Every structure is written in structure tokens, then in C-alpha cells.
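The chain contents come next:
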Amino acid sequence: MTRYRAFADAHLHEVLAEVQTLVGLESPTTDKAAVDRVGKHLAVQLAQAAGAEIAWHPQPRWGDHFEARVGRGPRRVLLLGHVDTVWPVGTLERMPCRIDGDRLTGPGCFDMKYGDVQALWALRALVESGAVGDKTFVFFVNTEEEVGSPTSRPILEQLAAQAECTLVLEPSLGTEGAVKVWRKGVGMYRLAVRGVAAHAGADPEKGRSAVLELAQQIVDLDRINDLAKGTTVNVGVIRGGTRQNVVAASAEAEIDLRARTMDEARRADERIRTRPTFVPGTSVRIEGGLNRPPMEETPASRRLYDLAKRLAAEEGIALAATGTGGGSDGNFTAALGIPTLDGLGAVGDGAHADTEHILVSAIAPRLAWFTRFLAEL
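Keep in mind it's a predicted model, so treat the numbers as computed, not measured.

**So, the overall build of the chain**
For the chain, the count of helices and strands is 10 helices and 18 strands. In summary, the chain has a C-alpha radius of gyration of 23 Å against a globular reference of 21 Å for 377 residues, a match within 12%. Referenced to the eigenvectors of the C-alpha coordinate spread, the extents of the chain come out at roughly 80 × 45 × 40 Å. Expressed as a percentage of its 377 residues, the buried residues of the chain come to 54%. Long-range contacts, defined here as pairs at least 24 residues apart, represent 79% of the contacts in the chain between residues at least 6 apart. Of the roughly 15600 Å² of accessible surface on the chain, 51% is carried by carbon and sulfur atoms. Within the chain, the 49 negative side-chain charges are centred at a point lying 3 Å from the centre of the 43 positive side-chain charges.

**What to know about the pattern of salt bridges**
Under the criterion given, the structure shown has 30 salt bridges. The shortest N-O distance in the salt bridge between Glu-376 and Arg-372 comes to 2.9 Å. One end of the pair, Glu-376, and the other, Arg-372, are both in helix α10 (residues 363-376), 4 residues apart, so they sit about a helical turn from each other. A relative accessible area of 14% means that Arg-372 is categorised as buried. If you follow the salt bridges from partner to partner, you end up with Arg-190, Arg-239, Glu-252, Glu-254, Arg-285 and Glu-287 in one network.

**Side note on the environment of Gly-71**
For Gly-71, the location among the structural elements is in the loop between β2 (65-70) and β3 (75-82). Given a relative accessible area of 33%, Gly-71 falls into the partly exposed group. Residues Gly-71 and Leu-92, 21 residues apart in the sequence, show an inter-C-alpha distance of 37 Å. Non-local contacts of Gly-71, meaning those with residues more than four positions away in its chain, are made with Val-132, Lys-135 and Thr-136.

**A short note on the sheet that holds strand β13 (residues 250-259)**
An order of β11-β13-β9-β14 is seen for the 4 strands of this open sheet, with the pairing classed as antiparallel. The open sheet is flanked by β11 (232-240) and β14 (283-292), the only strands paired with a single partner. Between one strand axis and the next, the sheet turns through 15 degrees on average, direction left out of account. Relative to β14, strand β9 (residues 185-194) is paired through 9 bridges, and the arrangement is antiparallel. Residue pairing for β14: Tyr-189 is matched across the bridge by Gly-288. Running over the sheet, helix α7 (residues 262-273) touches β9, β11, β13 and β14 and is turned about 160 degrees from β14.

**Topic: the packing of helix α4 (residues 109-129) against α10**
Orientation of α4 relative to α10, taken along the N-to-C sense of each, is 55 degrees, at an axis distance of 9 Å. Here α10 runs oblique to α4, going by the angle between their axes. The two elements α4 and α10 cross, and the hand of that crossing is right-handed. The segment α4 lies against α10, with Tyr-114, Gln-118, Ala-119, Trp-121, Ala-122, Ala-125 and Leu-126 engaging Ile-363, Arg-366, Leu-367, Phe-370, Thr-371, Leu-374 and Ala-375. For the contact of α4 with α10, the residue count by class is 11 nonpolar, 2 polar and 1 charged.

**Quick look at the nonpolar core**
Counting residues in hydrophobic clusters, the biggest one holds 70 residues, and the most contacted among them are Leu-79, Leu-167, Leu-341, Trp-369, Phe-370 and Phe-373. The element best represented in this core is α4, accounting for 12 residues. For Leu-167, the residues in contact, after removing those within four places along its chain, are Val-77, Leu-78, Leu-79, Leu-80, Leu-304, Leu-341, Leu-344, Phe-370, Phe-373, Leu-374 and Leu-377. In terms of nonpolar packing, the next biggest core, distinct from the first, is built from 15 residues, Ile-255, Ala-268, Ile-272 and Ile-286 among them.

**What to know about the packing of aromatic side chains**
Taken as a whole and judged by the stated rule, the model has 4 aromatic pairs. Here Phe-7 and Trp-121 contribute two aromatic rings whose centre-to-centre distance is 6.1 Å and whose plane-to-plane angle is 55 degrees, an arrangement assigned as tilted. Taken together, the residues Phe-7 in helix α1 (residues 3-10) and Trp-121 in helix α4 connect sequence positions 114 residues apart. Looking at Trp-121, the relative accessible area reads 6%, which means it is buried. Note on Trp-56 and Phe-66: the rings are 5.0 Å apart at their centroids and 50 degrees apart in plane angle, and the pair reads as tilted. Placement of the pair is Trp-56 in strand β1 (residues 53-57) and Phe-66 in strand β2, with a sequence separation of 10 residues. On the basis of relative accessibility, which here comes to 1%, the residue Phe-66 falls in the buried class. Directly above the aromatic system of Trp-182 lies the positively charged group of Arg-260, at a separation of 3.6 Å from the ring centroid.

**Observations concerning unusual backbone geometry**
A cis geometry characterises the amide bond from Asp-111 onward to Met-112, with omega recorded as -10 degrees. In this fold, Met-112 is placed in helix α4. Of note in this structure, Ser-149 is not a glycine but carries a positive phi near 55 degrees. Inspection of the secondary structure puts Ser-149 in the loop between β6 (135-142) and α5 (153-161).

Cut-offs and rules
Residues numbered from 1 in each chain as written. Predicted model: local features only at pLDDT ≥ 70, side-chain atom pairs only at ≥ 80, totals over all residues. Heavy atoms only, no water. Helix = DSSP H or I, 4+ residues; strand = E, 2+ residues; numbered from the N terminus. Rg over C-alpha atoms; globule rule 2.2 N^0.38 Å. Buried < 20%, exposed > 50% of the residue type's maximum accessible area, 1.4 Å probe, protein only. Contact = heavy atoms within 4.5 Å. Areas by Shrake-Rupley, 256 points an atom, 1.4 Å probe, with all protein chains shown as cover. Lys, Arg positive; Asp, Glu negative; His and termini not counted. Charge placed at Lys NZ, Arg CZ, Asp CG, Glu CD. Salt bridge = Lys/Arg side-chain N within 4 Å of Asp/Glu carboxyl O. Pairing = 2+ DSSP bridges. Axes fitted to C-alpha atoms, helices over the stretch in contact; angles between N-to-C directions. Parallel < 35°, antiparallel > 145°, perpendicular 65-115°, else oblique. Left-handed = near helix turned anticlockwise from the far one by under 90°. Nonpolar A, V, L, I, M, F, W, Y, C, P; charged D, E, K, R; others polar. Core = buried A, V, L, I, M, F, W, Y, C linked by side-chain atoms within 4.5 Å. Phe/Tyr/Trp six-rings, centres within 6.5 Å; stacked < 30°, edge-to-face > 60°. Lys NZ or Arg CZ within 6 Å of the ring centre and 35° of its normal.

Structure representation (C-alpha cells):
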């Protein structure tokens with residue numbers, strides 16, 4: 001048994017208690033007071049347990065972001081986490097945080113409060129074992145990742161530019177706990193159509209149907225899909241018209257784009273933005289754009305994974321590598337050319353779903369491996 005596994009086993013009950021505490025502090029993104037409450041708790045724990053120096057980034061609308069610095073060495077390693085969740089306050093009443101067999105449940109436990117706790121305890125282990133070495137670990141915690149990181153993005157990008165690599169504590173993929181070496185880029189758009197209203201029975205020829213135009217727009221948008229290249233365009237929400245006997249004067253749609261590479265993201269974005277019109281007398285307007293660039297695998301990120309895989313094997317973990325269509329803050333850092341490895345946090349399932357849970361049996365091995373990974377970078 002390695003020293004880091006011994007540490008993880010010895011403190012497992014405390015780690016579980018801290019996860020339950022964080023999950024118990026419900027923190028939906030849009031509730032600043034709630035998110036600030038859990039952020040302050042985590043910052044205090046980092047300062048007390050790992051001697052972290054805390055720097056706050058106050059926000060008027062969203063929760064306050066913070067960075068926790070451990071070590072004073074010249075080599076910087078950026079860790080990324082977030083404390084906001086998609087769950088409204090009160091969710092605990094029907095999704096209590098509890099341990100049932102090998103499962104710890106509760107809103108936000110998997111995405112991604114366990115990851116925050118894993119970073120906390122790994123940094124504590126490094127400090128207590130004297131293994132920080134020549135590195136400075138910067139753990140940046142944001143409060144609005146679930147809505148696209150609108151105010152934290154420039155901060156984390158600046159921190160990433162000063163670091164030799166970025167490690168993202170988002171949850172892993174699958175019960176085997178695979179890390180993520182790529183993520184698709186994300187685009188979000190709103191398509192608005194203007195037509196001409198008319199009586200559908202008495203004067204239909206005077207109308208120009210925005211709904212008909214929208215229908216043809218949807219068919220045309222579907223042609224952008226290229227599943228072989230990992231590019232998907234989904235029209236997820238549509239609205240239009242006022243009454244069944246009125247030719248619709250307006251309609252709109254909300255569009256989601258996912259792309260594996262930047263070349264495909266640019267191609268699809270251009271196609272979405274340059275909309276033809278199909279119904280004479282109607283007009284189309286597009287708002288939005290790429291929210292997160294693709295996180296593409298690079299030789300440097302593959303070397304990070306190779307090291308992580310070797311150390312995991314020595315800790316008894318078969319560490320697989322994969323990717324996902326979902327985005328994270330790792331998309332931003334990877335787009336800057338910073339080697340980025342993602343999905344280093346919880347093993348479990350059910351992000352954003354009532355089935356959200358983490359596997360208790362994976363906690364000690366995961367914590368031990370991650371701590372050793374930080375030590376040997």
C-alpha cells in the first residue's frame with residue numbers, strides 16, 4: 001500500500017463527511033447567497049487544512065469566485081472546480097444526501113462537489129507529506145460554470161496562461177472512472193423569424209408564415225450534422241404563432257451545436273449564422289455563437305494522461321481515456337494551448353439527473369492516485 005492510499009484510507013470517513021457537508025449546502029447557480037455560502041465554506045477548509053492562501057474575485061450578480069494557492073514553487077499547476085449546481089434549493093427534501101451501500105447520493109455530489117473535496121484532501125496530503133516540491137498549485141473555484149462561466153472565464157484563462165498544465169476535477173465517465181482527453185465545443189443560438197400576419201381563412205394570401213419559414217429552417221439546419229466527424233446540431237425548443245386561425249407573424253428556435261474539432265466548429269457556426277430564407281416576405285435573425293471551443297487532444301495532453309495512467313496502475317486503477325459531448329472549463333484552457341486533462345473527479349453517474357450519485361468504494365483509490373499524480377508531475 002502506498003503512503004497516499006494509506007492516507008486516503010485513514011481519512012475516508014472525514015472525506016465522506018466533507019462531501020456530505022458540501023452537498024448539504026445547496027448552491028444553484030442563480031442563487032448568489034447560496035453559492036457564496038458554500039464557496040466560503042470550501043475556502044475556509046482549504047486555508048485550514050492545506051494552508052492555502054485565498055484570493056477572492058467578487059461578483060455583483062453571480063457568486064464570488066476564488067483561487068486557493070498551495071506552495072511557493074516556480075512551476076504552476078492549475079486545478080479547476082466549481083461549486084454551483086443545477087439543483088434548486090429544497091431539492092434535498094426529495095434527494096437527500098445519504099450513503100446507501102456503495103452509493104452516496106444528493107444534488108451536486110457527482111457534478112461536482114466530490115471533485116472539490118478531492119482537490120481539498122489531495123492538497124492537504126501533499127502539504128502534510130512535504131510533497132508540494134517545486135510547484136505552486138492554484139485551485140480556482142468558480143460559481144457559474146453551469147451557465148457557461150460568463151465572468152469566471154477571463155480569470156481562469158489568465159491563470160491557465162501562467163500554468164504548465166490544467167487539471168479539471170469534473171466527474172469521470174463510466175463506472176471505470178475514465179478521464180477525459182477531449183470534449184466537444186458548444187455553441188448556443190437563438191433563431192428568430194419575422195413574417196406577416198393575416199387571417200388564415202379570409203386573407204391567407206396576404207400572410208407570410210413565420211412558422212412555415214421556421215419549419216424549413218429546421219430542415220436546413222439538420223443538414224449541417226456530420227456524425228462521422230462528431231458534429232451535431234439540435235433544434236431543442238421552438239415557439240411560434242398566436243392562434244390557429246392566424247398566419248404566424250413570428251417564430252423562434254433555440255439551437256445547440258456540438259463539434260469535436262475547431263475546424264468543424266467554425267464550419268458549423270458559419271452555416272448556422274448565414275441563414276438563407278425560404279418563404280418570400282419573411283426574414284431571419286441569428287443570435288448567439290460558440291460558448292466553449294472544443295477541447296482537442298494534443299501530444300502534450302496525451303503525455304499528461306500517460307503519466308496519470310502509469311501512476312494509476314501502480315495504485316491498482318486501470319485508468320481509461322475517453323471524451324464527451326459535454327463542455328467544461330477545460331475547453332477554455334485547452335483552446336489556449338495549455339495541456340489539459342479533465343474528468344479527474346468523482347466516479348459515479350447521474351449528473352443533472354435524479355439518479356445522481358458517487359461510488360464510495362472508488363473514493364480512497366481515486367484520492368490516492370490523484371494525490372500521487374500531483375506529487376509526481
